[in-house]
Amino acid sequence: MCGRFALFASAEELERHFQVPLPFAVTPRYNIAPSQPVLALATSTDAPEPVWIHFRWGLVPRRGKDPASGNQMINARCESPHEKLAFRSAFRHRRCILPMSGFYEWAKVGAKRQPYFVKPATDSVMGVAGLWEPWQSPDGAALTTCTIITTGANATVRPLHPRMVVVLDPATYALWLDPSTPVEALKTLLRPAPETLLTAYPVGTRVNNPTHDAPLLIEPLSPELTLFEGG
């Protein structure tokens, strides 16, 4: 599962990594939470060229109920998006890549949970597989939402949580975004990240509150601090 992440890479870093010009400024964010706007590189059957766009995180199926009802899916399991009714159309026709500087995961320690920041070991950004979907209410109000695809955790993340985001190999970005890519080829991309790609370290519990958004959230927890000090 992924319920919180950060994106603080500069526009220049994003353009260099994804090889797509970014036509607007980006603001560093250290605590991106569900229902908030998220930056994504997206395509569709009707618009096959990748474009930068903002979606609301938490996919509402095209035939779903009012988003206020809580019918929003922040994650899609990689084992079944090509079959599950809520994701099937988006998997075939509306895929996206969400840039991340890292994501948070919580390890259970006794009765409490210790947050960790998981980030690329050598790069400033990574591309995570996602799906997007337009939704329209009966009165015409429009909303465009997205979900993040998850897979089984690799050795880095497994001590924290059994699942993790699908981190795409940059060499496969074009394949993932190409609306003509066959479903069977897409499924082969949805696998755990290589063991050496990511690194994880404990951080303070201020990240537990989605109203907190500052660089200090990703600072490693000092050894002298108790497990939940500073939250």
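What comes next is a walk through the structure.

**Some words on the overall build of the chain**
The number of helices and strands found in the chain is 4 helices and 12 strands. Radius of gyration (C-alpha) of the chain: 17 Å, near the 17 Å computed for a compact globule of 231 residues. With respect to the three principal axes, the spread of C-alpha positions in the chain is 55 × 40 × 35 Å. The 231 residues of the chain split such that 49% are buried. When contacts within the chain are restricted to residue pairs at least 6 apart in sequence, those whose partners lie at least 24 apart make up 67%. Carbon together with sulfur atoms contributes 56% to the accessible area of the chain, which is approximately 11100 Å² in total. Of the charged side chains in the chain, 22 are positive and 20 negative, and the gap between their average positions amounts to 9 Å.

**Some details on the nonpolar core**
Ranked by size, the top nonpolar core spans 59 residues in total, and within it Phe5, Met100, Phe103, Ile148, Ile149 and Trp176 carry the most contacts. Setting aside residues up to four positions removed in sequence, Ile148 forms contacts with Cys2, Phe5, Trp57, Ile74, Asn75, Ala76, Leu98, Met100, Val128, Ala129, Gly130 and Val165. Of all hydrophobic cores here, the second largest spans 10 residues; its members include Tyr30, Tyr104, Tyr201 and Val203.

The rules behind the values
Residues numbered from 1 in each chain as written. Predicted model: local features only at pLDDT ≥ 70, side-chain atom pairs only at ≥ 80, totals over all residues. Heavy atoms only, no water. Helix = DSSP H or I, 4+ residues; strand = E, 2+ residues; numbered from the N terminus. Rg over C-alpha atoms; globule rule 2.2 N^0.38 Å. Buried < 20%, exposed > 50% of the residue type's maximum accessible area, 1.4 Å probe, protein only. Contact = heavy atoms within 4.5 Å. Areas by Shrake-Rupley, 256 points an atom, 1.4 Å probe, with all protein chains shown as cover. Lys, Arg positive; Asp, Glu negative; His and termini not counted. Charge placed at Lys NZ, Arg CZ, Asp CG, Glu CD. Core = buried A, V, L, I, M, F, W, Y, C linked by side-chain atoms within 4.5 Å.

Don't take any of this as a statement about function, it's just geometry.
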